[in-house]
Amino acid sequence: MSKYAVITGASSGIGAEFARQLSAMGYETILVARRADRLRSLQDELAAPSKVVEADLSVRSGCMRVMDALEDRNVEVFINCAGFGDCGKFIETDEEKESSMVDVNIKAVHFFTKRVLKYFKEERQGKGYLLNVASSAGLLPAGPYMATYYATKAYVTSLTRAVSYEMKQDKSPVYVGCLCPGPVNTEFNDVANVSFTLPGISAEACVSYAIKKMFQKKTVIVPSLRMRAAVTAGRLLPPCVSIPITARQQKKKLG
Ligand SMILES: NC(=O)c1ccc[n+]([C@@H]2O[C@H](COP(=O)([O-])OP(=O)(O)OC[C@H]3O[C@@H](n4cnc5c(N)ncnc54)[C@H](OP(=O)(O)O)[C@@H]3O)[C@@H](O)[C@H]2O)c1
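Residues numbered from 1 in each chain as written. Predicted model: local features only at pLDDT ≥ 70, side-chain atom pairs only at ≥ 80, totals over all residues. Heavy atoms only, no water.

Q: What is the right way to read the side chain of Thr-148 from this model?
A: With respect to the element layout, Thr-148 can be found in helix α5 (residues 147-169). For Thr-148, a relative accessible area of 14% gives the class buried. What Thr-148 contacts, discounting residues up to four positions off in sequence, is Phe-90, Glu-98, Met-101 and Val-102. (Helix = DSSP H or I, 4+ residues; strand = E, 2+ residues; numbered from the N terminus. Buried < 20%, exposed > 50% of the residue type's maximum accessible area, 1.4 Å probe, protein only. Contact = heavy atoms within 4.5 Å.)

Here's what the structure looks like:
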């Protein structure tokens, strides 16, 4: 019986790389994003069969379309990767863009976390892997000049850690974890109107590390030694020290 992996945000960057690497491992993939043309060109590259689901995840009907695609398929892996950021002073940033960011980065991730875990319980005898793509931003206390983005990712890391704890208490074999990268070279910056102040890692390196750690069932996955050190320092420093450091880094991105 074929095994499936669903990847949201597969039209670009980290999501497209998850599709390539999981497909090379033999998973049939379900590729989700708004830009169906990009998903169709990705399909041509993939090693195993795939299906395209064109969906806007900022609306409930788009999320429902993805759940419909799970029906009658043996979905073992679900990667919640779709997301985006924005940069600027909170009082000046575009409210509509931020509202959509909350819909995609929080509400869609919340929806899929609940629905996919129920699916794993009911359809897969409690087995499966759910990986939420958060960010190292979600492990830091706050991110001035990228305030909404940091807050959305903090929601994802908090939710994931709590749900993972509950699953472990229930001795469930289901894996729930979050991927928390630092800068990765993708189209993220163009959408967020920023430039990195630290050099990014490749999507290939980020995803191969994430897949290895996901199958080892690590709850919080931080690729790259530099980011692991930064996150540890961020945890050890009091917020009155770490927030100004983060603010300085973010402000530089504004150019
Ligand atoms: N790059 C980084 O430095 C970095 C670091 C930490 C975490 N992350 C996280 O990694 C994830 C992937 O980002 P990326 O770096 O790969 O950026 P990217 O290249 O810009 O890819 C973003 C993906 O999200 C999808 N998406 C955005 N809005 C959507 C919507 N309304 N409905 C459906 N899909 C939507 C996009 O597809 P369409 O536009 O085709 O819909 C695209 O496939 C995000 O959650 C991001 O926050 C990135």
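From this point, the discussion proceeds with the structure in view.
Q: What should I look at first to understand the environment of Lys-89 in this one?
A: Note that Lys-89 resides in the loop between β4 (75-80) and α4 (95-123). Using a relative accessible area of 44% as the deciding quantity, one classes Lys-89 as partly exposed. Along the primary structure Lys-89 and Met-214 are separated by 125 residues, whereas in three dimensions their C-alpha atoms are 35 Å apart.

Q: Could you clarify how one ought to interpret the pairing of β4 in this entry?
A: For a regular strand, side chains alternate in direction, first toward one face of the sheet and then toward the other. With six of six residues buried, β4 is to be regarded as a mostly interior element. Examined bridge by bridge, strand β1 (residues 4-8) and β4 share four bridges and lie parallel to one another. Bridging across to β4, Val-6 finds its partner in Phe-78. As for the winding sense of the linkage, the β-α-β connection from β4 through α4 to strand β5 (residues 129-133) is right-handed. (Pairing = 2+ DSSP bridges. Right-handed = clockwise from strand over helix to strand, strands pointing away.)

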